[in-house]
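Coordinates in review
Spelled out from the first residue to the last, the chains are:
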Amino acid sequence: MSGKPILHYFNGRGRMECIRWLLAAAGVEFEEKFIEKPEDLDKLKNDGSLMFQQVPMVEIDGMKLVQTRAILNYIATKYNLYGKDIKERALIDMYSEGVADLGEMIMLFPLSPPAEKDAKLTLIREKTTNRYLPAFENVLKSHGQDYLVGNKLSRADIHLVELLYDVEELDPSLLANFPLLKALKARVSNLPTVKKFLQPGSQRKPPTDEKKIEEARKVFKF
Amino acid sequence: MSGKPILHYFNGRGRMECIRWLLAAAGVEFEEKFMEKPEDLDKLRNDGSLMFQQVPMVEIDGMKLVQTRAILNYVATKYNLYGKDMKERALIDMYSEGVVDLGEMILLLPLCPPDQKDAKITQIKESTTNRYLPAFEKVLKSHGQDYLVGNKLSKADIHLVELLYYVEELDPSLLANFPLLKGLKTRVSNLPAVKKFLQPGSQRKPPMDEKGLEEAKRIFRIK
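Residues numbered from 1 in each chain as written. Chains lettered and ligands numbered in written order. Predicted model: local features only at pLDDT ≥ 70, side-chain atom pairs only at ≥ 80, totals over all residues. Heavy atoms only, no water.

1. What to know about the environment of glycine 150 of chain B
The topology assignment puts glycine 150 of chain B in the loop between helix H5 (114-143) and helix H6 (155-170). Apart from residues no more than four positions distant in its own chain, glycine 150 of chain B is found in contact with Glu88 and Gln145 of chain B. (Helix = DSSP H or I, 4+ residues; strand = E, 2+ residues; numbered from the N terminus. Contact = heavy atoms within 4.5 Å.)

2. Observations concerning the interface of chain B and chain A
Counting residues at the interface gives 33 residues for chain B and 32 residues for chain A. In total, about 2900 Å² of surface goes out of reach between chain B and chain A, with carbon and sulfur atoms giving 66% of it. Between the two partners, chain B and chain A, sit two salt bridges. Linking glutamate 97 of chain A and arginine 69 of chain B is a salt bridge whose minimum nitrogen-to-oxygen distance equals 3.4 Å. Inspection of the chain B/chain A interface yields nine residue pairs in polar contact (both at pLDDT 80 or more). Elements with a contribution of two residues or more to the side of chain B that touches chain A: strand E4 (63-66), helix H3 (68-78), helix H4 (86-108) and H5 of chain B. The leading source of residues in the side of chain B that touches chain A is H4 of chain B, at ten residues. Class assignment of the residues belonging to the side of chain B that touches chain A gives a composition of 16 nonpolar, six polar and eleven charged. (Buried area = accessible area lost by both parts, 1.4 Å probe. Salt bridge = Lys/Arg side-chain N within 4 Å of Asp/Glu carboxyl O. Polar contact = N/O pair within 3.5 Å; in protein donor to acceptor, adjacent residues only side chain to side chain. Nonpolar A, V, L, I, M, F, W, Y, C, P; charged D, E, K, R; others polar.)

3. Considering the UniProt feature "domain: GST N-terminal" (unreviewed entry) in chain B
UniProt annotation of "domain: GST N-terminal" (unreviewed entry) refers to residues 3-83 of chain B when read in the numbering used here. Structurally, residues 3-83 of chain B comprises 36% helix and 22% strand, and the distance from its first C-alpha atom to its last is 25 Å. (UniProt positions renumbered as here; feature names shortened; annotations may be inferred.)

4. A look at the packing of aromatic side chains
Tallied over the entire structure, the rule returns 16 aromatic pairs over all chains. On the numbers, 5.5 Å between centres and 75 degrees between planes, the contact of tryptophan 21 of chain B with phenylalanine 197 of chain B is edge-to-face. Note that tryptophan 21 of chain B is positioned in helix H1 (residues 17-25) and phenylalanine 197 of chain B in helix H8 (residues 192-198), a separation of 176 residues in sequence. For tryptophan 21 of chain B, a relative accessible area of 1% corresponds to the buried category. Measuring from ring centre to ring centre gives 6.4 Å for tyrosine 95 of chain B and phenylalanine 136 of chain B, while their planes differ by 90 degrees; the resulting arrangement is edge-to-face. Placement of tyrosine 95 of chain B in helix H4 and of phenylalanine 136 of chain B in helix H5 is noted, with a sequence separation of 41 residues between them. Both residues of the pair, tyrosine 95 of chain B and phenylalanine 136 of chain B, belong to the buried class. Chaining the aromatic ring pairs together yields one cluster made of Phe52 of chain A together with Tyr95, Tyr132 and Phe136 of chain B. (Phe/Tyr/Trp six-rings, centres within 6.5 Å; stacked < 30°, edge-to-face > 60°. Buried < 20%, exposed > 50% of the residue type's maximum accessible area, 1.4 Å probe, protein only.)

5. A short note on the sheet that holds strand E4 (residues 63-66) of chain A
Two modes of strand pairing occur in sheets, parallel and antiparallel, and in both the strands are linked by backbone hydrogen bonds. Residue and element names in this part refer to chain A. The strand order across the open sheet formed by four strands is E2-E1-E3-E4, and the pairing between neighbours is mixed. In this open sheet, the two strands that pair with only one neighbour each are strand E2 (31-34) and E4. Strand-to-strand, the axes of this sheet are offset by a mean angle of 20 degrees, without reference to chain direction. Pairing geometry for strand E1 (residues 6-9) and strand E3 (residues 57-60), over three bridges, is antiparallel. From the neighbouring strand, isoleucine 6 faces E3, where its bridge partner is glutamate 59. (Pairing = 2+ DSSP bridges. Axes fitted to C-alpha atoms, helices over the stretch in contact; angles between N-to-C directions.)

6. Regarding the packing of H5 of chain B against helix H7 (residues 179-189) of chain B
All names here are of chain B. Running from amino to carboxyl end, H5 crosses H7 at an angle of 80 degrees, the nearest separation of the two axes being 8 Å. As far as their axial angle goes, H7 and H5 are roughly perpendicular. Contacts between H5 and H7 involve Leu133, Phe136, Glu137, Leu140 and Lys141 from the first element and Pro179, Leu180, Leu181 and Leu184 from the second. (Parallel < 35°, antiparallel > 145°, perpendicular 65-115°, else oblique.)

Here is the structure:
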């Protein structure tokens, strides 16, 4: 047993990518076991390894944790990325959940029926520029510090920067009017562990293309 | 200023009900300001009170917190309903998130188009009896203790029991084969703070009916 966390998922971003980002940013080495066919998922289910018969699942510190937020909360606490007290945690949670709301829309976008795609994309763009990015830009503006909470790197910064990369992939012009967010993105990207994760050959997964969606549909049977 | 948390939402369950349950179970008195028309929501937005222009929002300890999980996590930590250490928190989170997944399906059911409703209800019942309830029954069976985590009441028990009430509202027979869950439901319901919350006249909200749905759609400008 290596002692490293083991991530069980298919070989794509999906709901595991934020976990990969957080572990990587925390400087934690991890292993991945990829689910490549439906039988791999069945095996995990039959083993009793998945509390709700779903992945992501992360083996860590003797536990088989499922549910993305349970996994993220544990890692953030363990590696001191969750603020210094209850009030900082509240802010970190509030910001992280806002990131998750927009991130969910972006993640599910490739799965929307073709007839709905244009409308969905317009909605995502609108929410990005009118709701979410302004909210986070305002936070940074309000205190002028380098990080969102407590003048210290937290999971909120990592989740947000990951989101900013996803937004940039969708349409780089969406970041145009948010100078503090662009600076945060640059600052976090230059942290040694994040810089390493952003380089080719890391465990970061590429954007989800049609082929990847078909693979996911087959593995997860949807 | 009363010092009590103030909950901003419409007068219905929605995404605020789990927060009401948790505060009530923790024995915390709270006030509610109900949004009754779209203009009430606009006012909160224009005040800058809503970080993402959405409710639930809870004024507590000098903060205007939004995002259900942020609020729940704060309340749970403050009132010692979040376990004694990191590993207990991980289990509590895992269980709570499972409850949320099923709870979300039930919550959104009234918004389902009429022609899809039967299929959705079937799916919910199937998930309930084959995935979620067995998972929680198994946890209780595995340690034989009165509560899900650490032999002590936590947010996980409160969220689960709230869910069991909704499952029962949907179809009481769904709970039939889960004796330990029924035991937990009874036990938690008999805690003085919960018992009080379950009585008529409390701040617990009734199931959503057609009228409530129309009101919610109007306030939140949902078509």
